Structure formats: structure tokens, C-alpha cells
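Chain and residue survey
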Amino acid sequence: MDVALDDLILTAHAEDDRAALVTLYSRAADLAEDVDTECFFLTYAHIFALELNHPSQANLRARLVAYGRE
Amino acid sequence: MAKDYIQTDITSVQQPVEQANGLANAHYIDPATFAEESEAVLKSTWAGLAVGADVPNLGDAKPIQFLGMPLLLIRDKDGELRVFENICRHRGMQLLREAKTIEGAIRCPYHSWCYSTKGRLVSTPHVGGAGHNTHPSIVKDDLGLNEVRSYIWRDVVFINISGDAPEFTEVHADLIARWSEFDSPLYHGGADSRFELELAANYKLAVENYCESYHLPWVHPGLNSYSRLEDHYNIVEYGKFSGQGTRVYRQFKAEDGSAAFPDFPDLSEKWDEGAEYITVYPNVLLGVQRDHAFTIVLEPKAHNKTVEHIHLYYASDDTLAKNRAVNTRQWKEVFEEDIFVVEGMQSGRHAPTFDGGRFSPVMDEPTHCYHDWVAGRIAQHRG
């Protein structure tokens, strides 16, 4: 993963900023170079989106479902 | 299997009030007896857990320990109240440690399994390996939160832990009918209309004291000027409920002498100066009056420790905070006057020759009614 993005994710975890985690894990998924890595990050984004009732949850879920992962 | 305690004799309790003794000391001071009794009295009946006002908004969730059990009271996204075990179906992890509003899903803090506010398991991240969030052996429809049977009456959340009690409306049909005139919307007064009192006493002693008016002139002398002992009457329905009523209730007045709070709608003349105070067995104390009502949920923390959760309700959501505050303060003073009594009786239960005491056939029948009901539950439990 991009080092800067990794730092941002760690900071968001440290600050328990779950909305940021949705965004950052989504970005990590978008940047992934293979399906497994993409789904790994999508999973985090989806879970935090579910918890927050975040508007992106349906889209995130749909991406996981499309890969047979949800 | 051998028991690690001696079963109490309850036959002397189930006698006519003229001859009966109260429950034996062990029901108040012995943890093993209390545990047996709790199975019979608190878990197999409809016990009070909380009030709906504890979770007023959609998604509000409150973890509650009840007899050591981790429970979760939640108001789902459609406004319905439910009680669940506060644990994840995965590894039994406690889901919520403190009250919060669930915005979307309940996420287990351990492996992030997620549940809807209706208890449905909605996601199991990485359960089939990294980034694989399903597995054939983990069927979500089979792994929702374990729900505890519950029923809401007068905003009180009653639970039946054993799951096999008759319906609440069947068990309490007579009481529901008795107070049918008060079957109108209740508005909790909010933060200024709730308080807690801690008692170093068994919860049953709070019930026993609440049921009877005998103590009023001695413990609450402030009532003597307008609410004399002879103005009260016993409410006794063996096997069902008990309490007391008064014929001289006075409306709560504002500073200018006018009625501070609106009446509950469509009450008959009986309630102009009438009020009743009844225990919903085993642990909920209710009071109804023309202009406000109150609820006390007794939380049995241990055999010798109880928390009273006290809530005041009105007929309207448009009442003045200053009037509510005065009303709350006055009730708090009354209920605080009872503390030394229940704690004194708790201390008294360590006297080895105390035999459960005797009852005034005239004045104590509501209390005997409660003892008789408890003894009956225990007898049924023992088979």
C-alpha cells in the first residue's frame, strides 16, 4: 500500500475516525492491484460503513458481492 | 444432586395472614437461597428490566446487567424495543460496554461481526479467510442475536428469561383491567424526572414496604396532615398483585396554586382524589394519579443490594421543567425516607431467631400477599 495512505489509515484508527476509515480503506481498495487485496480493503470499508450507516455501504457491498465475497 | 444449601421452609408463609410468618432470613441474606429464589421468582416470571425512556431515540442501545446476565436493550430503526443478550454469536464477546446510539449496525469490537438493530447478523468479515466474508458453515439467518422475551407495559420493559411464562397480558390481565382508565400515552419527564437510589437491602424488602400503608404515619409524617392512615385502603389480589390506594390524593400545584400538570384524559370521578400504588410482581412498583404517574424498577444487584430506578411520567410532553423538578424532589424525599426501613429490615434478617415475623391481618395483607406469591413460585420451582 501507498506509505502515505497507510499512515493516514493508522492515524484514523488511532483517532477512531470511522468515517475517515471508510474513505481511506475504499481508496486502498481502489488502488489494489489484485482482487484479493481489493476485497481485503473493501471488507474494512464496508464494515465501518455498515456501522456508521454510511452512504457508500450499498456500493461497497455490491462490489464485494460481485466478487462473491459477501 | 446434592444442594449446597438448606431449602427453606415456606409452608408457614402460605398460611392465612392471621397465622402466617414471613419468608425466612435466608431469602434475604443467603446467596445460595437467593439464587434458587431468583430462578423461581425473577427468571421464570415477567421481571422489570428498564423503561423505554432509557432508549428514547431510534437506534439507542443500552447494555444492562440483570442477575449477572449481559443484556442489551435497544430501540430499533422502526422504533420497536427489543432485549437481546449483549454478546456476539461468534465468540461470546460483549458487544456494547456503554450506552450509545447505533447509527448503522452493531459491530462486535472483537472480529467485527455486524448485527442490525433488529438483531440480524448482517456481515461476518474475513470469516472465510482474508477478504472472504462468507463461509458455508456460517449461516447468517441462524446466528442473529439471542433475543430475550420482552413485553412493554406502561413504558416498563418486562422480560421473561426462562421464555416459558404465560403471556404478560394473561398474567397481569386483572391489573391491566384495573388501571385501564390510565391506558393513555405516557410522557417521561426527561432527565429531571429520573433518579436512582441505592439500597443495602434485598429488593423484596422494598416491595414489602411499598405494598402497605401501615408505615406511612411513622415513616412519612409529612403525609399526616392531609393523607391519614384511614384514608388508605389495601389492594390485595392473592397470586396476582398487591398494594395500597388513597382516597385523598391532591393534584400537584404550581406556585400560583393552579394545577401544575394536565390530567390523564377521560378519567372517571374516582380518580379526582384517588390514587393507587401497586407492585407488579416481582420487582416493579407503580403509582398512578390523575396528573402524573411513577415507576420504580427494582434492580436486584445481589441478595443484599438493590438499585431503585425511579421515573416520573406525565399526560403531556408539554410540562414545565420547574414544576417537574419540584415534583421529582418531593418524591425523592419520600422515597429516601424509606431507605432506613428497608436497610434496617435487611440488618434484622441476620438475627438467627427471627422467624420471618408476623403480619397485621388488617394492615399487612398486601405484604403477606407478596410473600405468599413468592413462596408459591418457589414451591412450584421445587416441584
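From a predicted model like this one, the values you see are computed outputs, not experimental measurements.

**Notes on the overall build of chain A**
When helices and strands are counted, chain A shows 4 helices and 0 strands. Reading chain A from its N end, one meets helices and strands in the order α-α-α-α. In terms of overall dimensions, chain A has C-alpha extents of about 30 × 30 × 15 Å along its principal axes. Relative to its full complement of 70 residues, chain A shows a buried share of 43%.

**Structural notes on the pairing of strand β14 (residues 241-246) of chain B**
All names here are of chain B. Of all the 6 residues making up β14, 5 are buried; the element is thus mostly covered by neighbouring parts of the structure. Bridge analysis of strand β13 (residues 232-237) against β14 gives 6 bridges, and the strand direction is antiparallel. In the strand pairing of β14, Asn-234 is matched with Gln-244. Connecting the antiparallel pair β13 and β14 is a turn made up of 3 residues, with Gly-239 showing a positive phi of about 85 degrees. Of the strand pairs in this sheet, β14 and strand β15 (residues 275-280) are connected by 6 bridges, and their pairing is antiparallel. Following the sheet pairing, Ser-242 is matched in β15 by Thr-279.

**As for the interface of chain A and chain B**
Facing the 13 residues of chain A at the interface are 15 residues of chain B. Among the elements that line the side of chain A that touches chain B, the one with the most residues is helix α3 (residues 35-52) of chain A, at 9 residues.

**Comments concerning the domain arrangement of chain B**
Interface size is commonly expressed as the accessible area that is lost once the parts come together. If you check the domain split of chain B, you get domain 1 (26-46 + 166-382) and domain 2 (55-153). Measuring from the centre of the C-alpha atoms in domain 1 of chain B to the corresponding centre in domain 2 of chain B gives 33 Å.

**Quick word on the sheet that holds strand β3 (residues 69-75) of chain B**
All names here are of chain B. With antiparallel pairing, 7 strands are arranged side by side in an open sheet as β1-β10-β9-β4-β3-β2-β5. Edge positions in the sheet fall to β1 (47-51) and β5 (100-101), since each of these pairs with one other strand and no more. Sheet topology places strand β2 (residues 60-66) next to β5; 2 bridges connect them, and they run antiparallel. Bridged to Asp-60 within β5 is Thr-101.

**Structural notes on the sheet that holds strand β8 (residues 121-123) of chain B**
Residue and element names in this part refer to chain B. Taken together, the 3 strands give an open sheet; going across it, the order is β6-β7-β8, and neighbouring strands pair in antiparallel fashion. Sheet topology places β6 (106-107) and β8 at the edges, where each strand pairs with a single neighbour. Strand direction decides the pairing type here: β6 and strand β7 (residues 114-115), joined by 2 bridges, are antiparallel. Within the sheet, the bridge partner assigned to Ile-106 lies in β7 and is Tyr-115.

**Describing unusual backbone geometry**
All names here are of chain B. The residue after Tyr-281, namely Pro-282, is reached through a cis peptide bond having omega 10 degrees. Locating Pro-282 in the fold gives a position in the loop between β15 and β16 (284-288). Located in the positive-phi region is Leu-67, a residue other than glycine, with phi close to 50 degrees. Residue position: Leu-67 is located in the loop between β2 and β3. What makes Leu-67 partly exposed here is the crowd of 17 C-beta atoms within 10 Å. Even without being a glycine, Ser-112 presents a positive backbone phi close to 70 degrees. Among the residues examined, Ser-112 registers 20 C-beta atoms within 10 Å and is labelled buried.

**Regarding helix α7 (residues 321-337) of chain B**
An α-helix turns once every 3.6 residues. As a result, residues three or four positions apart point the same way. All names here are of chain B. The terminal C-alpha atoms of α7 lie 24 Å apart, and with 17 residues this matches the ideal 24 Å at 1.5 Å per residue to within 8%. Those residues of α7 lying buried are Asn-323, Arg-324, Asn-327 and Thr-328. End-on view of α7: buried residues confined to an arc of 130 degrees, all on one side of the axis. Residues Lys-322, Arg-329, Gln-330, Glu-333 and Glu-336 are exposed on α7 and point more than 90 degrees away from its buried face. Those residues of α7 that are buried lie in contact with β12 (194-199), β17 (292-302) and β18 (305-314).

**Overview of the environment of Pro366(B)**
Residues and elements named next belong to chain B. Turning to its location among the elements, Pro-366 is positioned in helix α9 (residues 365-382). Residue classification places Pro-366 among the buried residues on the basis of 28 C-beta atoms within 10 Å. Residues Pro-366 and Glu-237, 129 residues apart in the sequence, show an inter-C-alpha distance of 8.2 Å. Setting aside its immediate chain neighbours within four residues, Pro-366 contacts Cys-211, Glu-212, Asn-234, Ile-235, Val-236, Ser-242, Gly-243 and Gln-244.

Cut-offs and rules
Residues numbered from 1 in each chain as written. Chains lettered and ligands numbered in written order. Predicted model: local features only at pLDDT ≥ 70, side-chain atom pairs only at ≥ 80, totals over all residues. Helix = DSSP H or I, 4+ residues; strand = E, 2+ residues; numbered from the N terminus. Buried ≥ 20, exposed ≤ 12 C-beta atoms within 10 Å, placed from the backbone. Pairing = 2+ DSSP bridges. Contact = placed C-beta atoms within 7 Å. Domains from an automatic or database assignment. Expected span 1.5 Å × (residues − 1). Arc of directions from axis to C-beta.

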